[in-house]
Amino acid sequence: RDASFGADAPLEALLAASAKLTGAPAVRPASLQTLVLRGQRLRALPPCVGACGALRVLDASENLLSDLPEALCRLRRLQELLLACNELRSLPAWVGALPQLHVLNLQHNRLL
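Conventions used here
- Residues numbered from 1 in each chain as written.
- Predicted model: local features only at pLDDT ≥ 70, side-chain atom pairs only at ≥ 80, totals over all residues.
- Heavy atoms only, no water.
- Core = buried A, V, L, I, M, F, W, Y, C linked by side-chain atoms within 4.5 Å.
- Buried < 20%, exposed > 50% of the residue type's maximum accessible area, 1.4 Å probe, protein only.
- Contact = heavy atoms within 4.5 Å.
- Helix = DSSP H or I, 4+ residues; strand = E, 2+ residues; numbered from the N terminus.
- pLDDT = per-residue confidence, 0-100.

A.B. asks: Help me understand the nonpolar core in this model?
C.D. replies: Side chains that are nonpolar tend, in soluble globular proteins, to be buried together. Ranked by internal contacts, the top residues of the largest apolar core, which has 21 residues, are Leu45, Leu55, Leu58, Leu68 and Leu72. Discounting residues that sit within four places of it in the chain, Leu68 has contacts with Leu45, Leu83, Leu88, Leu91, Pro92, Trp94 and Val95.

In structure tokens:
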């Protein structure tokens, strides 16, 4: 299933865990607070995720991510970043500068 949402959608949470989307959702709403993309076999996160300024929880666990888009550094309200079971080999320095981040799950990656 393809999931697209316009900038004016009053969406606060998008839960697509194991839903087997045909493409990464085009998420842009300013009100989005929770985005769960667990188990989608994504190789990259959609760049538009960085524009979700109200995002507090991003769960991209159980994918094929090898790096994180720099656009995520704009998520100043992000509190939980869940990236377990991916292909990450390193973590960008900007992750440590996210002011609200208090949960970072990196279990079962290839971090050096």
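A.B. asks: Hey, could you run me through unusual backbone geometry in this one?
C.D. replies: Here Cys85, not a glycine, exhibits a phi torsion of approximately 60 degrees, which is positive. Structurally, Cys85 is set in the loop between β4 (80–82) and β5 (103–105). In this structure Cys85 comes out as partly exposed when scored by relative accessible area, which is 32%. One non-glycine residue, His108, lies in the positive phi region at around 60 degrees. The residue His108 is located in the segment after β5 in this model. Residue His108 is classed as exposed on the basis of its relative accessible area, which comes to 62%.

A.B. asks: How should the confidence of the model for the chain be read in this particular structure?
C.D. replies: The predicted coordinates ought not to be read in detail in places where the model reports low pLDDT. Of the residues in the chain, 74% have a pLDDT of 70 or more, and the chain-wide mean is 84. Residue range residues 1–7 is modelled with pLDDT below 50. Its contacts to residues more than four positions away, or to other chains, number 18 contacts.

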